[in-house]
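Residue-level listing of the chains:
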Amino acid sequence: MAGSASSAQDQTVLQVENLHAYYGQSHILHGVSLQVHSGEVVALLGRNGVGKTTTLRAIAGLIPQVQGHIKLAERELTHLPAYQIARQGVVYVPSGRRSFAQLTVRECLQVAVEGRGHRKKKDASEAFDRVFEIFPALKERLHVAAGVLSGGQNQMLKMACAFLANPIILLLDEPTEGLAPLVVKELHNRIAALAQTGVGILLAEQNSKFAFSLSERAYILNKGAVQLSGDVTDLSDSEEALLYLGV
Ligand SMILES: Nc1ncnc2c1ncn2[C@@H]1O[C@H](COP(=O)(O)OP(=O)(O)OP(=O)(O)O)[C@@H](O)[C@H]1O
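Conventions used here
Residues numbered from 1 in each chain as written. Predicted model: local features only at pLDDT ≥ 70, side-chain atom pairs only at ≥ 80, totals over all residues. Heavy atoms only, no water. Pairing = 2+ DSSP bridges. Helix = DSSP H or I, 4+ residues; strand = E, 2+ residues; numbered from the N terminus. Near = heavy atom within 4 Å. Polar contact = N/O pair within 3.5 Å; in protein donor to acceptor, adjacent residues only side chain to side chain. Nonpolar A, V, L, I, M, F, W, Y, C, P; charged D, E, K, R; others polar.

**Student:** What should I look at first to understand the sheet that holds strand β4 (residues 65-72) in this one?
**Tutor:** Strand pairing in a sheet takes place through backbone hydrogen bonds and is either antiparallel or parallel in direction. In space, the four strands of this open sheet follow the order β2-β1-β4-β5, with antiparallel pairing throughout. Here the strands that pair on one side only, and so sit at the sheet edges, are β2 (26-37) and β5 (75-76). In the sheet, strand β1 (residues 12-23) pairs with β2 via nine bridges, with the strands oriented antiparallel. For T12, the partnering residue across the bridge sits in β2 and is H37.

Printed below as a string of structure tokens:
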């Protein structure tokens, strides 16, 4: 798996150009441009309210009023309905607890696997095996109701369901929100393992330390625009960057 990932690396798959987004009369994004390659984790950083979630939601097709271009391997996704964008392989994982609380972990995974073409038993079981390689903790909790999982396990279940949708790009919104440091460390390893499969990850985070430790490149937003971008090694040493990050 890792071998095929490395050969696919450095290929730009997601290209966002001059993206503007509006909530009603409010102009929230002012020309955001960014790129994500296959197999890399790219950080999208900035303080509260700068537009990180709006950027992910706009890419996922969840904001009706947008301008600009969103392309997946040269295919234009802008203005496609959200379900078609997800089908093309751009999958959004929102922040917070969002799962079917009454369903068991197995049932949640089953719903996800059937949503994306793995209808044959063999395909589904191979997809499950891949998920359990990345998220072994879920295999031990298959019969547990999603609603009683810990915050970290719930996050892993959301990412596992997203992975079962065969993503090319995962849009992860604040996965560390509300999690204890030890759980954050575990999540770090799981996200790195996801990227190892060749999936490109755009990671919106307030926890810049976490994002810097996972990414090679980052974009720092301020007031709905990219203020700074570049290699994490440079940004993490830049006083200007730290100012925009509020650290
Ligand atoms: N549904 C909405 N309607 C109107 N304005 C909104 C809506 N959602 C967000 N906003 C505004 O858009 C701006 C950007 O919010 P966004 O949630 O994208 O920021 P963020 O960087 O993700 O911050 P946070 O980490 O707090 O979620 C904020 O000023 C916010 O108040």
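**Student:** In this structure, what is going on with the site of the ligand? I would like to understand it.
**Tutor:** Lining the immediate surroundings of the ligand are Y23, I28, R47, N48, G49, V50, G51, K52, T53, T54, E174 and Q206. Residue V50 places a main-chain N or O atom 3.1 Å away from an oxygen atom belonging to the ligand. With three residues, helix α2 (residues 52-59) is the single largest residue contributor to the shell around the ligand. When its residues are assigned to classes, the shell around the ligand shows three nonpolar, six polar and three charged.

**Student:** I would appreciate a short explanation of the environment of V91 in the present structure.
**Tutor:** Here V91 lies in strand β6 (residues 90-93). In this structure, the C-alpha to C-alpha distance between V91 and G200, residues 109 residues apart in sequence, is 11 Å.

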